[in-house]
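Chain residues, written in single-letter form:
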Amino acid sequence: MKQFIVLLVILATLYVTPSSSEGILTGLWSRIMPKDSSSEETSAEAWKSSRENIATLESLEAISAESVSQISEISKIWNPLSWFQSAETTKEAVPFNMDAELGTSEIIRRHGYPSEAHVVQTEDGYLLTLHRIPCGRSGWTSCLAQGRGRGQAVFVQHGLLGSSADWVLSGPENGLAFLLADVGYDVWIGNTRGNTYSNRHTTMRKDDAKFWDFSWHEMAKYDIPAAIDYVLEVKNTESRKYTNDSTTQRHNDLLYIGHSMGTTMAFAMLSMNPEYNKKVKGVFALAPVAFMAHVKSPLRLIAPFSKDLEWVMKFMGNEFLPRNKIITFLAKYGCEMNNVERYICENSIFVLCGFDTAQYNSDLTPVIFAHTPAGASTKTLIHYAQEIHERGDFKYFDYGRTENEQRYGQPTPPLYNVTNISAPVALIYASNDWLAGPQDVELLHQKLPNSIGVSKVPFESFNHLDFLYGKDAKTLVYIDLMKTMEKYRSP
């Protein structure tokens, strides 16, 4: 009965907007089929007009000018390059960027950097792709000067709905992965299960519902440990070749940079598997997400339903698709934006994480939309929604009392014990972040036994995604980040 009532409420909101007679579906239709600028006709007048139009049609040989205009408007809606053109004045078109057509490895090579792709198998059978920039483009950090992959290993992990491409889309001048390679790091970029580059399994197909039965808990338990172990193994294999010493085990740890869910996975992994604290020399958390009591994201609107797994899965599906009923609903009621920004907001990544006009680089729009969202399981978002619903506690997935008893030996899911995290952790947050609220970050800072500092981005409107795509991310975040990393860099 509860499911039926909730479904009725959501369906009602999809068709009726309290402040307007235009609902989501009618609003979308009105955009696809623009109305005439004159006042709306009554049904009788519309019938009369239709009869007159039919009577005056002499042939079907040509499309009317009005129809051509409507078709043009339709094409604009589905063309991302037109989204930033005002109705009053036509602005310069967004320039074409080849990176919109390329994958992560190709983007890296196009900009003159060496690129590698490695496939890692997790303990539970998922095949993950790691992308690598083993050295810089030129100068003393190039492969010719310092040797391929001889630098300190740094593992860079994307966030919710992202991929390895997130770290290179801004180009060599602003992309964090490129900047790290240029100062001598051996950069390894992760991809979580279910995204564009990691959607294969040894025994399951992608269209198998069981394939999507995971959240960031499984990523923390299987994906990140497998990736870290693989990186260190490769580094030591290469090192032995350079030194001609088959016993050398020079690389025992690496640096870890995470954004958004990439930080969640690190915190969960180090809490569950304390032995990995020795393998991670330092964690640098951008927009850190663990505790979620002060979330602004529209994700909070589905939090009350996060315990009813069967209904949510039936309504949303196992794979979280770029545009579904929930995203359309959240875009309509969760984003306070003007009409131009509405199209950006309807991309699921912006719906959930927010949008900052001041830092958003519109030239990157076709590139971002070509790579993001990169895929995720619905269960991943439900796990976050459960945290929001449960006072923001950082805890395991809640399967309900019966299954919790079977899995955890207790009626409620256990908390992640962040006091197990002995690795140094630097927290970097923004005051306008919809997912990583300042109070939640401060709570994490207080609970971590080895926090090496918490810093706020000195730009008030800086948002969750600005850590990746912000116009000034390099000057506001990356430069200070790399200075801090130097203190933990192996000689």
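Up top you'll find the structure we're talking about.
Reading guide: rules and limits
- Sequence order sets the numbering: in each chain, residues are counted from 1 along the sequence as written.
- Note on the predicted model: pLDDT of at least 70 is required for a residue's local features to be given, and 80 or more for side-chain atom pairs to be given and counted; whole-chain, interface and lining totals, by contrast, use all residues.
- The side-chain values count all of the structure's non-hydrogen atoms but skip hydrogen atoms and water molecules.
- Basic side-chain nitrogens of Lys or Arg form a salt bridge, by our definition, when they fall within 4 Å of a carboxyl oxygen of Asp or Glu.
- Here a helix means four or more residues in a row that DSSP labels H or I, a strand means two or more in a row labelled E, and each is numbered from the N terminus.
- Only protein chains enter the accessibility calculation, which uses a 1.4 Å probe; a residue is then buried when its area is under 20% of its type maximum, exposed when over 50%, and partly exposed in between.
- In this analysis, axes come from line fits to C-alpha atoms, helices being fitted only over the stretch in contact, and the angle between any two N-to-C directions falls in the range 0 to 180 degrees.
- For classification purposes, an angle smaller than 35 degrees is called roughly parallel, one larger than 145 roughly antiparallel, one from 65 to 115 roughly perpendicular, and anything else oblique.
- Throughout, a contact is declared for two residues whenever any of their heavy atoms are within 4.5 Å.
- Under the grouping applied here, Gly and all other residues not named as nonpolar or charged are polar, the nonpolar ones being Ala, Val, Leu, Ile, Met, Phe, Trp, Tyr, Cys and Pro and the charged ones Asp, Glu, Lys and Arg.
- What is meant by a nonpolar core is a set of buried Ala, Val, Leu, Ile, Met, Phe, Trp, Tyr and Cys residues, joined one to another through side-chain atoms within 4.5 Å.
- Any pair of cysteine sulfurs within 2.5 Å is marked as a disulfide.
- Any two strands with at least two DSSP bridges between them are considered paired.
- Handedness of a crossover is defined as follows: with both strands directed away from the viewer, a clockwise route from the first strand across the helix to the second makes it right-handed.
- In summary, the charge assignment counts Lys and Arg as positive and Asp and Glu as negative, without counting His or the chain termini.

Trainee: Provide a residue-level description of the pattern of salt bridges, including the pertinent values.
Mentor: Side-chain pairs of opposite charge can arise where the charged atoms are in close proximity. For the coordinates displayed, the defined rule picks out 16 salt bridges. Of the charged contacts in the structure, one is a salt bridge between E116 and R148, with a shortest N-O distance of 2.8 Å. Of this pair, E116 sits in strand β1 (residues 116-121) while R148 sits in the loop between α6 (143-146) and β3 (153-157); the two residues are 32 residues apart in sequence, bridging distant segments of the chain. The exposure class of R148 is partly exposed, given its relative accessible area of 34%. Among the ionic pairs, E403 bridges to R407, the shortest N-O distance being 2.8 Å.

Trainee: Just give me the short version of the packing of helix α8 (residues 216-243) against helix α15 (residues 378-389), but keep the residues and values in it.
Mentor: Packing of α8 against α15 brings their axes to within 8 Å, and their N-to-C directions diverge by 110°. Regarding the angle of α8 to α15, the classification is roughly perpendicular. Where α8 abuts α15, its residues W216, H217 and M219 lie against T380, H383, Y384 and E387. Grouping the amino acids of the contact of α8 with α15 by side-chain chemistry returns three nonpolar, three polar and one charged.

Trainee: Break down the nonpolar core for me, citing the residues and quoting the values.
Mentor: One finds L180, V187 and I257 to be the most contacted residues of the largest nonpolar core, which totals 120 residues. Broken down by element, this core gets its largest block of residues, ten residues, from α8. Residues within four places of V187 in sequence aside, it is in contact with H131, R132, I133, V154, V156, A177, L180 and A181.

Trainee: Go over the state of the cysteines with me, naming the residues and quoting the values.
Mentor: Evaluation of the coordinates by the stated rule reveals one disulfide. The disulfide partner of C135 is C143, and the S-S distance across this bridge is 1.6 Å. With relative accessibility at 22%, the residue C143 sits in the partly exposed group.

Trainee: If you had to explain the pairing of strand β6 (residues 254-259) to someone new, which residues and values would you point to?
Mentor: A large share of β6 lies buried, amounting to six of its six residues. Both faces of β6 are covered, namely the face carrying L254, Y256 and G258 and the face carrying L255, I257 and H259. Both β3 and β6 contribute to a ladder of four bridges, which runs parallel. Across the sheet, residue F155 finds its bridge partner in β6, namely Y256. Looking at chain direction, β6 and strand β7 (residues 280-286) are connected through six bridges and run parallel. Counted as the bridge partner of H259 is L286 from β7. A crossover connection joins β6 to the parallel β7 through helix α9 (residues 261-272); in handedness this β-α-β unit is right-handed.

Trainee: Break down the environment of T202 for me, with residues and values.
Mentor: The residue T202 is located in the loop between β5 (200-201) and α8 in this model. According to the relative accessible area criterion, T202 is partly exposed, its value standing at 43%. When the C-alpha positions of T202 and G125 are compared, they lie 5.3 Å apart, and in sequence the two are 77 residues distant. For T202, the contacting residues outside a window of four places in its chain are Q121, G125 and L127.

Trainee: Report on the packing of α8 against α9, specifying residues and quantitative values.
Mentor: Where α8 meets α9, the closest approach of the two axes is 8 Å, and the angle between their N-to-C directions is 80°. One way to sum up the angle between α8 and α9 is to call them roughly perpendicular. Across the interface between the two elements, W216, H217, M219, A220, K221, I224, P225 and I228 from α8 touch M261, T264, M265, A268, M269 and M272 from α9. Here the residues of the contact of α8 with α9 sort into eleven nonpolar, two polar and one charged.

Trainee: Describe unusual backbone geometry, listing the residues and the values that go with them.
Mentor: Omega for the bond connecting T372 with P373 falls within 30 degrees of zero, at 0°, which places this linkage in the cis form. Along the chain, the position of P373 falls in the loop between α14 (365-371) and α15.

Trainee: Could you give an account of the side chain of K395, naming the residues involved and the relevant values?
Mentor: With respect to the helices and strands, the residue K395 is situated in the loop between α15 and α16 (401-408). One buried charge, K395, has no salt-bridge partner; the nearest side chain with opposite charge is E390, at 4.1 Å. In this view, K395 contacts W216, H383, E387, E390, P413, P414, L415 and Y416; residues no more than four positions away in its chain are not counted.

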